[in-house]
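Residue-level listing of the chains:
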Amino acid sequence: MIFSRIALLAAALAAGAISPAAAQDAARGAALAAERQCASCHGTAGVSELERIPSLAGQPAEFVTLQMILFREGLRQAEPMNQLSQGLTDQQVEDLAAHFAALAPAAPPDLAPRDAALAERGRQLSAGMNCGVCHLPDYRGRNQIPRIAGQREDFLRHTLAQYRDSQRRGTDTNMNAVMYGVPDDAIAALAHYLAHQPARAE
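None of these values were measured; they are calculated from a predicted model.

**A short note on helix H7 (residues 116–128)**
Given 3.6 residues to a turn, an α-helix orients residues that are three or four positions apart in the same direction.
Phase 1: When the terminal C-alpha atoms of H7 are compared, their 18 Å separation across 13 residues agrees well with the 18 Å that a helix rising 1.5 Å per residue should span.
Phase 2: Those residues of H7 lying buried are Ala119, Gly122 and Ser126. On an axial view of H7, the arc spanned by its buried residues comes to 60 degrees, and they lie on one face. Turned more than 90 degrees from where H7 packs its buried face, Ala117 and Gly128 sit exposed.
Phase 3: Contact partners of the buried residues in H7: helix H8 (131–135) and helix H11 (184–195).
Phase 4: At the N-terminal end of H7, a side-chain oxygen is found 3.1 Å from the backbone nitrogen of Ala117, two or three residues along, and the residue is Asp115.
Phase 5: Positive phi shows up at Asn130, right after H7, with a value of about 60 degrees.

Okay, structure coming up:
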């Protein structure tokens, strides 16, 4: 039942039915992000310095919009975001998404040095699992699919394990299927490789 509601919400978002009244405004989003103190967790420029907290800089606006609405409606559980998203209008959600999408992506300052052997294994795994098909070859993401290039390595490890263990679902079960049975050491290699991919602005 919850999955059906998520799927319907994703379809509505893709059709532009969430907030048709006004365009997204990054400046309004920046003001709201400051008011809501988003930087205290996600970093002053959207680049997280906290363990397991994702960087939002350069994420596709549709992806941020969808996740915020899932939090607000209780369709995705990840406190404190469920509580913090309460009271946000659809327009405010879209403005926040525009703000974070406009920020330049960058690797977190505490990124561990690149391990060539581990990164190469991660590259091979990514190619074999076709990660670049959905996330694009440079892993910048698109539409409702997140940017994973330059994302926090610990966040990637944690999230990929959650998909594998069916503790997290997106708007479909594709990631759960992709990660099914993937061992921890392979997840570590994937996360290391992706975290060290250049976080280029579009």
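**Focus on the environment of Glu120**
Phase 1: Following the sequence through the fold, Glu120 ends up in helix H7.
Phase 2: Overall, Glu120 belongs to the partly exposed group, its relative accessible area being 31%.

**Considerations on the packing of helix H2 (residues 26–35) against helix H6 (residues 90–102)**
Phase 1: At a minimum axis distance of 7 Å, the contact between H2 and H6 shows a crossing angle of 95 degrees. Comparing the axis directions of H2 and H6 gives the class roughly perpendicular. Of the residues in H6, those touching H2 at Ala26, Arg28, Gly29, Ala30, Leu32 and Ala33 are Gln91, Gln92, Asp95, Leu96, Ala98, His99 and Phe100.

**A word on the side chain of Glu153**
Phase 1: Here Glu153 shows up in helix H9 (residues 153–164).
Phase 2: Other than its neighbours up to four places away in sequence, Glu153 contacts Leu111, Ala188, Ala191, His192, Ala195 and His196.

**Remarks on H2**
Phase 1: Those residues of H2 not exposed but buried are Gly29, Leu32 and Ala33. Each buried residue of H2 sits inside an arc of 105 degrees when the element is viewed along its axis, so together they form one side. Among the exposed residues of H2, those oriented more than 90 degrees off its buried face are Ala27, Ala34 and Glu35.
Phase 2: Next to the buried residues of H2 lie H6.

**Brief notes about the packing of aromatic side chains**
Phase 1: Throughout the structure, instances matching the rule amount to 1 aromatic pair.
Phase 2: Here the aromatic rings of Tyr139 and Tyr193 are separated by 5.8 Å at their centres, their planes lie at 90 degrees, and the arrangement is edge-to-face. On the criterion of sequence distance, the pair formed by Tyr139 in the loop between H8 and H9 and Tyr193 in helix H11 is long-range, its members being 54 residues apart.
Phase 3: Given a relative accessible area of 6%, Tyr139 falls into the buried group.
Phase 4: Residue Tyr193 is classed as buried on the basis of its relative accessible area, which comes to 11%.

**Quick notes on the pattern of salt bridges**
Phase 1: Taken as a whole and judged by the stated rule, the model has 12 salt bridges.
Phase 2: Residues Glu73 and Arg72 are paired through a salt bridge, measuring 2.8 Å at the closest nitrogen-oxygen approach.
Phase 3: Classification of Glu73 by relative accessible area gives partly exposed; the value is 40%.
Phase 4: By relative accessible area, which is 16% here, Arg72 ends up buried.
Phase 5: Among the salt bridges present, the one from Glu153 reaches Arg157, with a minimum N-O distance of 3.8 Å. In this pair, Glu153 and Arg157 are both assigned in helix H9, 4 residues apart and thus about one turn of the helix distant.
Phase 6: Where salt bridges share partners, they join Asp25, Arg28 and Asp95 into one cluster.

**Overview of the nonpolar core**
Phase 1: Grouped together as the largest cluster of nonpolar side chains are 18 residues, with contacts concentrated most on Met129, Tyr139, Leu156, Met179, Val182, Ile187 and Leu194.
Phase 2: Of all the secondary-structure elements, those providing two or more residues to this core are H9 and H11.
Phase 3: Top element by residues in this core is H11. It accounts for 7 residues.
Phase 4: In this structure, Leu156 is in contact with Ile148, Gln151, Ala191, Leu194 and Ala195, ignoring residues within four places of it in sequence.
Phase 5: In terms of nonpolar packing, the next biggest core, distinct from the first, is built from 16 residues, Ala33, Met81, Val93 and Leu96 among them.

Conventions used here
- Residues numbered from 1 in each chain as written.
- Predicted model: local features only at pLDDT ≥ 70, side-chain atom pairs only at ≥ 80, totals over all residues.
- Heavy atoms only, no water.
- Helix = DSSP H or I, 4+ residues; strand = E, 2+ residues; numbered from the N terminus.
- Expected span 1.5 Å × (residues − 1).
- Buried < 20%, exposed > 50% of the residue type's maximum accessible area, 1.4 Å probe, protein only.
- Arc of directions from axis to C-beta.
- Contact = heavy atoms within 4.5 Å.
- Polar contact = N/O pair within 3.5 Å; in protein donor to acceptor, adjacent residues only side chain to side chain.
- Axes fitted to C-alpha atoms, helices over the stretch in contact; angles between N-to-C directions.
- Parallel < 35°, antiparallel > 145°, perpendicular 65-115°, else oblique.
- Phe/Tyr/Trp six-rings, centres within 6.5 Å; stacked < 30°, edge-to-face > 60°.
- Salt bridge = Lys/Arg side-chain N within 4 Å of Asp/Glu carboxyl O.
- Core = buried A, V, L, I, M, F, W, Y, C linked by side-chain atoms within 4.5 Å.

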